There are 2 protein chains.
Amino acid sequence: MQNFEYYNPTKIVFGKETISRLDDLVPQDARVLILYGGGSAEKTGTLDEVRGALAGRTIQEFGGIEPNPTYETLMKAVELIRNSEVDFLLAVGGGSVIDGTKFVAAAVNFEGEPWRILEEGGAIIRSALRFGTVLTLPAAGSEMNDGSVITNKAKQVKLDFMSPYVFPQFSIMDPTKTYTLPLRQVANGVVDAFVHVMEQYLTYPANGMVQDRFAEGLLRILIEIGPQAISSPDNYDIRANLMWVTTMALNGLIGVAVPHDWSTHFIGHELTVLYDIDHARTLAVILPATLQVCRENKRDKLLQYSERVWGITSGNEEQRIDQAIAHTRSFFENLGIQTHLSDYNLSIDDIDRVVKQLEAHGMTQLGENRDITLDISRRILQESL
Amino acid sequence: MQNFEYYNPTKIVFGKETISRLDDLVPQDARVLILYGGGSAEKTGTLDEVRGALAGRTIQEFGGIEPNPTYETLMKAVELIRNSEVDFLLAVGGGSVIDGTKFVAAAVNFEGEPWRILEEGGAIIRSALRFGTVLTLPAAGSEMNDGSVITNKAKQVKLDFMSPYVFPQFSIMDPTKTYTLPLRQVANGVVDAFVHVMEQYLTYPANGMVQDRFAEGLLRILIEIGPQAISSPDNYDIRANLMWVTTMALNGLIGVAVPHDWSTHFIGHELTVLYDIDHARTLAVILPATLQVCRENKRDKLLQYSERVWGITSGNEEQRIDQAIAHTRSFFENLGIQTHLSDYNLSIDDIDRVVKQLEAHGMTQLGENRDITLDISRRILQESL
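Residues numbered from 1 in each chain as written. Chains lettered and ligands numbered in written order. Predicted model: local features only at pLDDT ≥ 70, side-chain atom pairs only at ≥ 80, totals over all residues. Heavy atoms only, no water.

## Some points on the packing of helix α12 (residues 299–308) of chain A against helix α13 (residues 317–334) of chain A
All names here are of chain A. The N-to-C vectors of α12 and α13 enclose an angle of 65°; their axes lie 9 Å apart at closest approach. Viewed along their axes, α12 and α13 adopt a mutual orientation that is roughly perpendicular. Considering how the two elements wind past one another, α12 and α13 form a crossing that is left-handed. Across the interface between the two elements, Arg-299, Leu-302, Leu-303, Tyr-305 and Ser-306 of α12 pack against Glu-317, Glu-318, Arg-320, Ile-321, Ala-324, Ile-325 and Thr-328 of α13. Across the contact of α12 with α13, the residue classes tally to six nonpolar, two polar and four charged. (Axes fitted to C-alpha atoms, helices over the stretch in contact; angles between N-to-C directions. Helix = DSSP H or I, 4+ residues; strand = E, 2+ residues; numbered from the N terminus. Parallel < 35°, antiparallel > 145°, perpendicular 65-115°, else oblique. Left-handed = near helix turned anticlockwise from the far one by under 90°. Contact = heavy atoms within 4.5 Å. Nonpolar A, V, L, I, M, F, W, Y, C, P; charged D, E, K, R; others polar.)

Shown next, in the form of structure tokens:
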């Protein structure tokens, strides 16, 4: 097992009717900026509940943070804060709102052009505003980690940063707040979490026994409850387990001391930027193709995945790997998420453009062995057609 | 799933040659008290390594914290600190040294008789000295939680307390430091961790899917590597995985939102206080008997444990439960840990004395349903003979 560090100070407050806990969690004298996305937080009443819980404090609001939050939008929040007395941020929404809030928290006191935070992957951050979150969409795991992905519309690029300064102080997770989510977003969330786990698990054996067993457990739970989360939207236990799985999928724990392969996310980011395909849908397209193209490098873990996650024990090695990849694809498709580029009206003629973007963004050595070159990414995209 | 809170700010620094990291982790101007146990930290060179890493700081030392650390000993450390300028504690050792350090950290500034901290279960703590740990014995999980168990020799009682103020700031975990441990202590550690998991898992189904899968994963790993940790003491990967499993077994994560049954620990504490039996050995005696006596209440989880942890799928329900309990007992015995009171020279005549102690300490309603009365505890002890 490799050496590692693990640190995660976010306090989780999980369960029914927990939004009222904001009154304890946010200091009485805080001057709060609530950040949110589209109109759903208002329509569902969640924003009103939040306002009520914060009564007595000075509150401002900043709405309109979009899916795949943009630098352009977030810099408006940064300006607002710089011209006011805000000293506490509260993100109300899903991964996009929380990722955006992390960027805003780090950018407010940053000297120089804040886009550099993304270009340097977060390494140059020295402080951030305090913030908490109220999670309404189980998917990204941003509520309990120190990572964020931001899109620069002008530059047509989606970059991520990490910094221990942007762990949320707390995250409130009330599964009942997910009942009204569009099923498309729920399905996306299941796939996003599934792929997060796979990217920390499906590489080569590294003797991280806890990490493997935990990853396999999370995958099995998603396979079991994913379809139920769609078919029974107001089943509390299903939604509660889904919410906790998506957090555990990317709070750092299963990723310590093991190799990672984030190539599916990186290739997927380019598809979102160029073609506006939902983030999770790009993952559902790229992951099965990556497993297929990289099956030799990933052979041992594919066999382990096949047996421990899908219970496949018959057939020779190639057949078991084929079955595992096919099961993965079917799992996504059964959630209503299509897994081929052609399903999104892309053809072989689009591949050059995607590969060019990867090249422009320095994505020339992806994967756990850094051997997913532009040529291999091209093969993965071809396999995705 | 029940509502829950989860918060764990301890930073883990894990791997080979990590003791040198103390230089970053302990403030340069800290006045440090190093707390340790018997002579092994000195003999193995670990203490010297720690002193070297802290060079330049004012250091004092307090040795002699015993297994099942006593109030009497720890209050001497409290006096020493009150008469000096110490402002940072560093525990070097296993669960006993770390538990003791937590108590010292909380007691130093406590107004009134510090034993009240134990009597009140930690609820009255309002501050604690900062401290970190260097773990040398994988077992108790104290390096990443906010709990502590202290023995009062004079009162013949072992009580625990919990407080968010006594999370270690950091814990350094170098698996190579466990190579020289006596095999008896390694076996004890495996059993201690196994029982920690069982006490958070083997109750009744509560729909905590992540908690169940994680618990089952930890149990399976312990079953796999426990014997190897004994037979191959200097196998790095085995010792590293053992160390991480024992931490995860009791850092709070698998215990959120599920019922607990700590009766094995509570009954075991009395056996340690009265007869000086190793903590883990008391657990190995009491757990199988508890599963047997409480098999009706625990039926559903026993069947799940039987299938998912031991892979038992044949036989009727009673047979599968019998097999699972027998496997558990054999697992302990194969580690060299005997599982009957008679193995420790106790007989039926001793049971009254143990039950009286339970009564004196208010342990009259144990278990996940609070229905392990003194009569049931007596039956468990009889079953343990």
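After that view, the rundown keeps rolling.
## With respect to empty space enclosed by the protein
Where empty space is left in the structure can be found by rolling a water-sized probe over the atoms. As enumerated under the stated definition, the model contains four cavities of 30 Å³ or more in all. If you trace the largest cavity, you find it lined by Tyr-6, Met-144, Met-248, Asn-251 and Leu-253 of chain A together with Tyr-6, Met-144, Met-248, Asn-251 and Leu-253 of chain B. Counted by class, the lining of the largest cavity contains eight nonpolar, two polar and no charged residues. In this structure, the second largest cavity spans a volume of roughly 40 Å³. As for the second largest cavity, its lining consists of Met-198, Glu-199, Leu-202, Asp-261, Thr-264, Leu-287, Thr-290, Leu-291 and Lys-298 of chain A. (1 Å grid on protein atoms, 1.4 Å probe; cavity = no way out; pocket = protein on both sides within 12 Å on 5 of 7 lines; lining within 4 Å. Points joined across faces, edges and corners; volume = space filled by probe spheres on them.)

## Things to note about the interface of chain B and chain A
With 40 residues of chain B at the contact, the number on the chain A side is 40 residues. For the pair chain B and chain A, the summed buried surface comes to about 3700 Å²; carbon and sulfur atoms form 61% of the total. Summed over the shared surface of chain B and chain A, the result is four salt bridges. Among the ionic pairs, Glu-5 of chain A bridges to Lys-11 of chain B, the shortest N-O distance being 3.4 Å. Broken down by element, the side of chain B that touches chain A gets its largest block of residues, 11 residues, from helix α8 (residues 209–231) of chain B. Classifying every residue of the side of chain B that touches chain A gives 22 nonpolar, 10 polar and eight charged. (Buried area = accessible area lost by both parts, 1.4 Å probe. Salt bridge = Lys/Arg side-chain N within 4 Å of Asp/Glu carboxyl O.)

## Here we look at the sheet that holds strand β4 (residues 58–62) of chain B
The sheet built from seven strands is open, its strands ordered β1(A)-β2(B)-β9(B)-β6(B)-β5(B)-β3(B)-β4(B) with mixed pairing. The outermost strands of the open sheet, each flanked by one partner alone, are β1 (4–6) of chain A together with β4 of chain B. Mean inter-strand twist for the sheet, computed between neighbouring axes without regard to direction, equals 15°. Both strand β2 (residues 11–14) of chain B and strand β9 (residues 170–173) of chain B contribute to a ladder of four bridges, which runs parallel. By the bridge assignment for β9 of chain B, Lys-11 of chain B is matched with Phe-170 of chain B. Running over the sheet, helix α5 (residues 95–107) of chain B touches β3 (31–36), β5 (88–93) and β6 (130–135) of chain B and is turned about 165° from β5 of chain B. Together, β1 of chain A together with β2, β6 and β9 of chain B form the strand contacts of helix α9 (residues 236–249) of chain B, whose direction differs from that of β2 of chain B by roughly 170°. (Pairing = 2+ DSSP bridges.)

## Observations regarding the pairing of β6 of chain B
Residue and element names in this part refer to chain B. Most of β6 is tucked away, with five of its six residues classed as buried. Judged from the six bridges that link them, β5 and β6 form a sheet pairing that is parallel. Bridging from a neighbouring strand, Phe-88 pairs with Arg-130 of β6. (Buried < 20%, exposed > 50% of the residue type's maximum accessible area, 1.4 Å probe, protein only.)

## What about the environment of Glu-85 of chain A?
All names here are of chain A. Looking at where Glu-85 falls in the secondary structure, it is placed in the loop between α4 (71–82) and β5 (88–93). Residue Glu-85 is classed as exposed on the basis of its relative accessible area of 55%. The spacing of Glu-85 and Thr-58 is 27 residues in sequence and 9.3 Å in space, taken between C-alpha atoms.

## Structural notes on the pattern of salt bridges
Residue and element names in this part refer to chain A. One pass over the full model with this rule turns up 47 salt bridges over all chains. Residue Glu-79 is joined to Arg-82 by a salt bridge in which the shortest nitrogen-to-oxygen separation is 3.7 Å. One end of the pair, Glu-79, and the other, Arg-82, are both in helix α4, three residues apart, so they sit about a helical turn from each other. Where Lys-298 meets Glu-368, a salt bridge forms, and the shortest distance between an N and an O atom there is 3.1 Å. Within this pair, whereas Lys-298 is found in the loop between α11 (279–293) and α12, its partner Glu-368 is found in the loop between α14 (351–360) and α15 (374–383), the two being separated by 70 residues in sequence. One network of salt bridges, in which partners are shared, links Arg-295, Glu-296, Arg-299, Glu-317, Glu-318 and Asp-322.

## Comments concerning the packing of helix α7 (residues 183–201) of chain B against helix α11 (residues 279–293) of chain B
Residue and element names in this part refer to chain B. Their axes nearest at 8 Å, the elements α7 and α11 cross at an angle of 40°. It follows from the interaxial angle that α7 and α11 lie oblique. Every pair of crossing elements has a handedness; the one defined by α7 and α11 is left-handed. Contact residues: α7 offers Arg-184, Asn-188, Val-191, Asp-192, Val-195 and Met-198, while α11 offers His-279, Ala-280, Arg-281, Leu-283, Ala-284, Leu-287 and Leu-291. Partitioning the contact of α7 with α11 into residue classes produces eight nonpolar, two polar and three charged.

## Description of the sheet that holds strand β1 (residues 4–6) of chain B
Strand order in the open sheet formed by seven strands is β4(A)-β3(A)-β5(A)-β6(A)-β9(A)-β2(A)-β1(B), with mixed pairing between adjacent strands. On the outer flanks of this sheet lie β4 (58–62) of chain A together with β1 of chain B, each paired with one strand and no other. Direction aside, neighbouring strands of the sheet carry axes that sit 15° apart on average. Alignment of strand β6 (residues 130–135) of chain A against strand β9 (residues 170–173) of chain A, held across three bridges, turns out to be parallel. Looking at the pairing, Thr-133 of chain A lines up with Ser-171 of chain A of β9 of chain A.

## Considering the nonpolar core
In this structure, Trp-244 and Tyr-305 of chain A together with Trp-244 and Tyr-305 of chain B are the most contacted members of the largest nonpolar core, which totals 236 residues. Ignoring sequence-local partners within four residues, the contact set of Tyr-305 of chain B consists of Phe-194, Met-198, Tyr-201, Leu-202, Leu-219, Trp-310, Ala-324 and Thr-328 of chain B. (Core = buried A, V, L, I, M, F, W, Y, C linked by side-chain atoms within 4.5 Å.)

## Description of the relation of the copies chain B and chain A
By a simple turn and slide, chain B fits onto chain A: the slide is 0.0 Å along the axis, the RMSD is 0.0 Å, and the turn is 180°. Such a combination of rotation and displacement between the chain copies is what one expects of a two-fold axis. Among all residues of chain B, the minimum C-alpha distance to the rotation axis is found for Pro-9 of chain B, at 2.1 Å. A shared binding surface is used by both copies, with 100% of the interface residues of chain B retained as interface residues in chain A. (Least-squares fit on C-alpha atoms with pLDDT ≥ 70 in both.)

## Some details on the domain arrangement of chain A
Accessible area lost upon the coming together of the parts is a frequently used measure of interface size. Residues and elements named next belong to chain A. By the assigned domains, chain A splits into domain 1 (11–178) and domain 2 (183–384). For domain 1 versus domain 2, the distance between C-alpha centres works out to 27 Å. Contacts between the two partners involve 25 residues from domain 1 and, on the opposite side, 23 residues from domain 2. Of all residues in domain 1, the largest losses of buried area upon contact with domain 2 belong to Pro-138, Gln-156 and Lys-158, amounting jointly to 26% of the total for that side. On inspection of domain 1 and its partner domain 2, the count reaches zero salt bridges. For the pair domain 1 and domain 2, the interface holds five residue pairs in polar contact (both at pLDDT 80 or more). The set of elements that each furnish at least two residues to the side of domain 1 that touches domain 2 consists of β2 (11–14), β7 (147–152) and β8 (157–162). When residues of the side of domain 1 that touches domain 2 are assigned to their parent elements, the largest contribution, three residues, is made by β8. Class assignment for the residues of the side of domain 1 that touches domain 2 results in 12 nonpolar, eight polar and five charged. (Domains from an automatic or database assignment. Polar contact = N/O pair within 3.5 Å; in protein donor to acceptor, adjacent residues only side chain to side chain.)

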